[in-house]
Amino acid sequence: MPKVHIAIDDTDSPLGMCTTFLGALVTLRLSRKYDLIDLSYLIRLNPNIPFKTRGNAAVSMHFEIPEEDVEEVFYYVKNLVEKMASKHGKTQPAVALIIGENYKLQTFYKKALSDVIPLSYALKFAQKIRKENKALISGKRGLVGALAALGAYPLKTCTYELLFYRPIIIRTPSRKLDEQLIFAIDRKYRSQVFANIDYEKSRILVAPHGPDPVLLGIRGFSYETLLKIAEEISSKISYSFWFIYKTNQGLGLHTFIYKKINMVRPYQSVRVLGKVEQKPIIMKGGHVFLRIADETGSLAVAFFKDTGFLNRVARLLSEGDLIEVAGGIQPPSSSTPITLNAELLRVIKTSPKLKYKYPTCPRCGHKLESAGRNKGLKCRKCGFRTKEVALLIEKKPRILEPGLYIQSPRAYRHLSITERLIVYKGLLPPTCQKIGKEQ
Ligand code: ATP
C-alpha cells in the first residue's frame, strides 16, 4: 500500500483559525478509513520569518492510502482548507501531497528551519518534486511550510504536544483555565514535560492569547505521558476535542547552522562564533548589547531583558571571551545595526582578568611605586630607584565559567532548546568548539 504524506500551512491570521486544528480534523477523519504510518507532525520552522502569524507552524499527516483514493483525499483536504482557512488578505494557504519520499524534501525542510525561502524557489521546487514523485501540490506562500512539513518525515528525534481545542465559534482572546491544575500537572510529570510554566514569574505558558481554537497545549517528551495527562485533565476542563502531535519543538533545530559573520542575512536563524570586542553595554531597560568578531567581520548581539537568565549571564562577558551565540538576525533599522538577537550562549573560553601590580623593593621589601612619568620606580621607605618597570601580572578568577547558557522559559520560542531536554534527555546542541580551539 503506498505511503502518502499530506501537509498543510498558512491557514490562520490574527482573525483566527490554526493550522494544527485543521491538521487534527484531517487526521481524525482520514484515520477512520486509512492506517496511520506515524503520528501527525506539528512542524515549527524558522521563527524569524516576518510573515508568520505566531509560531510558524505547518502540519503533515502520514497514511497508507490506495493509489486510486489519493486524488479524492487531496481534494477533500484542499476543500476543507479553503472552506476553513481564515479569510484575511495575509492568509495564503497551501496543501501538498506526495506518494513516497524524496530526500530533496528533507534538504528543503532543513533549510526552512533557519533560512528564508522565497516563494518563487518553492514553486520551482514543487515542479521538480512533481517530476520525481506522484504529487499534488496547490497554494501560495503556505507552500514553503507545507513542503517543509513533508520533508520532516521521518522525524526521528522528536517531542510531543497535547493540544486541547475549544469550539471555533469561541473567539475570546483569554481562556478561562484552572492555572492550579496546570501547575499540578507540571509538578507531577516534571521530568517528562517542558516549557509549560514560567516558574520565575509563576505563570502558565500553555495558553495562547488570540482568537484561535487552541485552548491549551502541553509539551512533553513522551506520547504515553501526554496520553496520561489528557486522561487526567479531560474530566476537569471544558473543551471540544484533544489531539497529540509529534513535533520538532524544543530541540533547538533552527540554530544548528553555523555561519561566518559576513554570511549572516536578515531573518535567518544562525549560530556564530567570535570574540567579544568590548565590555557589554547594559542599557537602561536592562537589555545587554555587545559586538563579537570573527576573521570576516563583526556583529552586534543583543541579549534582551526578556531572556532572563541569559541576559544576566551576558553581563558577565568580557572583552576577548571566545563565545558562540545563536539566535535570529534582525535587519538593520535607522537607529540599529544588523543584530543577532541571542537565544543561546556557549562560552568557550574566557579571557583572563588581569591585574597589574608594582613589585616589591629588592632592598627592603616595601612596595615600589611610580617615580613619575618615564622615571621608573622608587621605594618610598629606603629610597631605592630603578628605571626598569617590570610590573607583576596577577590573574583574577572570572565568575563566568565556560559552558552552555540558555534563556529563561518565558522567552522560549517553540523550537528553542530547553533545559529539561538538556538535563533529562542529554540533548546538547551542536557546537563549533573545534573551530574555537583552532583560533
Ligand atoms: P500558526 O502557528 O497558527 O500555524 P504561523 O505562525 O505558522 O501560524 P502562518 O500563517 O503559517 O503563520 O505563516 C507562515 C508563513 O511563512 C507560511 O506561508 C509559510 O509557508 C511561510 N514560511 C515558513 N517558513 C518559511 C521560511 N523558512 N522561508 C520562507 N517562508 C516561510
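Computed from a predicted model, the values in this text were never measured in an experiment.

Attention shifts here to the side chain of threonine 27. Among the secondary structure elements, threonine 27 is positioned in helix H1 (residues 19-30). Residues in contact with threonine 27, not counting those within four places in the same chain, are Leu36, Ser40, Met61, Phe63 and Phe243.

Mean pLDDT over the protein chain works out to 92, with 98% of the residues at or above the 70 mark. In the predicted structure, residues 435-439 sits below a pLDDT of 50 and forms 6 contacts with residues beyond four places in sequence or in another chain.

Before going further, it helps to examine the packing of aromatic side chains. Under the criterion given, the structure shown has 15 aromatic pairs. Ring geometry for phenylalanine 74 versus tyrosine 75: centroids 5.1 Å apart, planes at 85°, classification edge-to-face. Among the aromatic residues, those joined into a cluster by ring pairs are Phe21, Tyr165 and Phe241. Positioned over the ring face of tyrosine 76 is arginine 29, at 4.9 Å from the centre of the ring. Cation over ring: arginine 141 sits above phenylalanine 51, and NZ or CZ is 3.8 Å from the ring centre.

Near the ligand there are 24 residues, and of these Asp10, Asp12, Arg54, Ala57 and Arg141 occur at the shortest range. Between the ligand and threonine 19 there is a distance of 3.4 Å, counted from an oxygen atom to a side-chain nitrogen or oxygen. Note that an oxygen atom of the ligand is positioned 2.5 Å from one of the side-chain N or O atoms of arginine 54. About the coverage of the ligand: the protein hides 99% of its 640 Å² of free accessible area.

According to the domain assignment, the protein chain consists of domain 1 (3-151), domain 2 (159-247), domain 3 (255-352 + 398-421) and domain 4 (357-394). Distance from the C-alpha centre of domain 3 to the C-alpha centre of domain 4: 43 Å.

Once that is clear, we can look at the packing of helix H3 (residues 103-114) against helix H4 (residues 119-132). Working note: a packed helix pair is described by the angle between its axes plus the distance between those axes. Packing of H3 against H4 brings their axes to within 10 Å, and their N-to-C directions diverge by 160°. When the interaxial angle is binned, H3 and H4 end up roughly antiparallel. The way H3 lies across H4 gives a crossing that is left-handed. In contact with Lys104, Leu105 and Phe108 of H3, H4 contributes Tyr121, Ala122, Phe125, Ile129 and Glu132. Of the residues in the contact of H3 with H4, the class split is 6 nonpolar, no polar and 2 charged.

Once that is clear, we can look at the nonpolar core. One finds Tyr109, Leu147, Leu216, Ile218 and Ile229 to be the most contacted residues of the largest nonpolar core, which totals 67 residues. Per-element accounting of this core gives the leading share, 7 residues, to helix H5 (residues 142-151). The residues contacting isoleucine 229, other than those within four sequence positions of it, are Leu162, Ile185, Tyr189, Val193 and Ile218. Of all hydrophobic cores here, the second largest spans 34 residues; its members include Cys18, Tyr34, Ala57 and Tyr245.

Moving on, we get to the sheet that holds strand S21 (residues 385-386). Across the sheet, which stays open at both edges, the 3 strands sit in the order S19-S20-S21 with antiparallel pairing between neighbours. Lying at the two open borders of the sheet, with one neighbouring strand each, are strand S19 (369-370) and S21. Direction of pairing for S19 relative to strand S20 (residues 377-378): antiparallel, over a ladder of 2 bridges. Directly across from glutamate 369, in S20, lies its bridge partner lysine 378.

So, about a positive patch on the surface. A contiguous patch of positive charge on the surface is contributed by Lys353, Lys355, Lys367 and Lys396. By the element assignment, lysine 353 lies in strand S18 (residues 353-357).

Parameters and conventions
Residues numbered from 1 in each chain as written. Predicted model: local features only at pLDDT ≥ 70, side-chain atom pairs only at ≥ 80, totals over all residues. Heavy atoms only, no water. Helix = DSSP H or I, 4+ residues; strand = E, 2+ residues; numbered from the N terminus. Contact = heavy atoms within 4.5 Å. pLDDT = per-residue confidence, 0-100. Phe/Tyr/Trp six-rings, centres within 6.5 Å; stacked < 30°, edge-to-face > 60°. Lys NZ or Arg CZ within 6 Å of the ring centre and 35° of its normal. Near = heavy atom within 4 Å. Polar contact = N/O pair within 3.5 Å; in protein donor to acceptor, adjacent residues only side chain to side chain. Areas by Shrake-Rupley, 256 points an atom, 1.4 Å probe, with all protein chains shown as cover. Domains from an automatic or database assignment. Axes fitted to C-alpha atoms, helices over the stretch in contact; angles between N-to-C directions. Parallel < 35°, antiparallel > 145°, perpendicular 65-115°, else oblique. Left-handed = near helix turned anticlockwise from the far one by under 90°. Nonpolar A, V, L, I, M, F, W, Y, C, P; charged D, E, K, R; others polar. Core = buried A, V, L, I, M, F, W, Y, C linked by side-chain atoms within 4.5 Å. Buried < 20%, exposed > 50% of the residue type's maximum accessible area, 1.4 Å probe, protein only. Pairing = 2+ DSSP bridges. Patch = residues over 30% accessible without salt bridge, like charges linked within 9 Å, V, L, I, M, F, W, Y side chains within 5 Å. Salt bridge = Lys/Arg side-chain N within 4 Å of Asp/Glu carboxyl O. Lys, Arg positive; Asp, Glu negative; His and termini not counted. Charge placed at Lys NZ, Arg CZ, Asp CG, Glu CD.

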